[in-house]
Amino acid sequence: MNSDSSHPTGTRPGQRVGIVGGGQMGAGIAEVCARAGLDTVVAETDAAAARAARERVAGSLEHAVRRGKLDRVSAEDALARLLFTGELDDLADRQLVMEAVTEDADAKIELFTALDKIVEDPEAILATNTSAIPVMRLGMATRRADRVLGLHFFNPVPVLPLVEIVSSLHTAPQVTETVEAFVRDTLGKTAIRSRDRAGFVVNALLVPYLLSAIRMAESGYAGAADIDKGMVLGCAHPMGPLGLADLIGLDTVAAIATSLYDEFKEPLYAPPPLLRRMVQAGLLGRKTGRGFHTYGRD
């Protein structure tokens, strides 16, 4: 086992959870699970990525302590409940595994095929944090499609209270009920249900709005700063659409838009040329220091 800490065993259903991917979303999900008292394993591609994931969670916990949102002892206890590994096989004993890898259908299908073989308990639940990829495609990559569903968190995960629960045509109703109770009672989040359609509820409404703002900037109708200022001060939005796109990640926005367009063929879902060019240029928003706005790098 390639890990950074030991972890206790648990017997309560859903107590042993696994996260695949320790990036911004995966680290956030792992933090929320650990703060809820769960035995949590985070699997990354290798030992170096596992260490980076641990640093990401530790930094977020420290930030919560500094802001007075979490006491020092609770933060230390949460970090102690986390195991970070570069081996997917370390998820074998998990009761619930949630993936948060790149928003790429082929990569997720390959991962679900692997998890189906690795996770030993036939009653274990496999969940995806995809923003737009149909859950049924991922479930069909396994021999347990009835125990696969979408569990879509929002960034930043420790702060935003919403989780979308997405059942495919194959997902067993009792699995949906179990996961909804887990989200509500264990994680302390608010759950809404969505049908298994690209974009689910939130992104099906949000992404066309973001794309409209990108087209406005692309056309020269208004600058990025003025577009964002207009929506913040004119509509009482907490953040402008282009700043929000930068926060989400322009590559993620483009991937969601592509999934929406592929499914519905509606022009409003098509990624604008400017968005595609920015992704090709590596200008992805906050995580790269530059998108529609420029950000300082820590």
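The structure this text deals with has already been given above.
Worth saying up front: this structure is predicted, and the values here are computed from it rather than measured.

K.L.:
Just give me the short version of the pairing of strand β7 (residues 162-167), but keep the residues and values in it.
P.N.:
When strand β6 (residues 148-153) meets β7, the two strands line up antiparallel, connected through five bridges. If you follow G150 over to β7, its bridge partner there is V166.

K.L.:
How would you explain unusual backbone geometry if you had to name every residue and give the values?
P.N.:
Residue P156 is reached from N155 by a cis peptide bond, and omega for that bond is 0°. Locating P156 in the fold gives a position in the loop between β6 and β7. Its identity is not glycine, yet A236 carries a phi of approximately 60°, on the positive side. Positionally, A236 belongs in the loop between α8 (224-235) and α9 (241-248).

K.L.:
Describe in detail helix α6 (residues 173-186), supporting the description with residues and values.
P.N.:
The terminal C-alpha atoms of α6 lie 19 Å apart, and with 14 residues this matches the ideal 20 Å at 1.5 Å per residue to within 8%. Of the residues making up α6, those classed as buried are V175, T176, V179, E180, F182 and V183. Buried residues along α6 cover an arc of 155° about the axis, so they all sit on one side. For α6, the exposed residues lying more than 90 degrees away from the buried face are P173 and D185. On its buried face, α6 is in contact with β1 (16-20), β4 (96-99), β5 (125-128), β6, β7 and β8 (190-195). Two residues or fewer after α6 comes G188, characterised by a positive phi angle close to 70°.

K.L.:
Account for the environment of A52, naming residues and giving values.
P.N.:
Mapping A52 onto the fold places it in helix α2 (residues 47-66). On the basis of relative accessible area, A52 is assigned to the partly exposed category, the value being 31%. Between the C-alpha atoms of A52 and E99, which are 47 residues apart in sequence, the distance is 17 Å.

Rules of the game
Residues numbered from 1 in each chain as written. Predicted model: local features only at pLDDT ≥ 70, side-chain atom pairs only at ≥ 80, totals over all residues. Heavy atoms only, no water. Pairing = 2+ DSSP bridges. Helix = DSSP H or I, 4+ residues; strand = E, 2+ residues; numbered from the N terminus. Expected span 1.5 Å × (residues − 1). Buried < 20%, exposed > 50% of the residue type's maximum accessible area, 1.4 Å probe, protein only. Arc of directions from axis to C-beta. Contact = heavy atoms within 4.5 Å.

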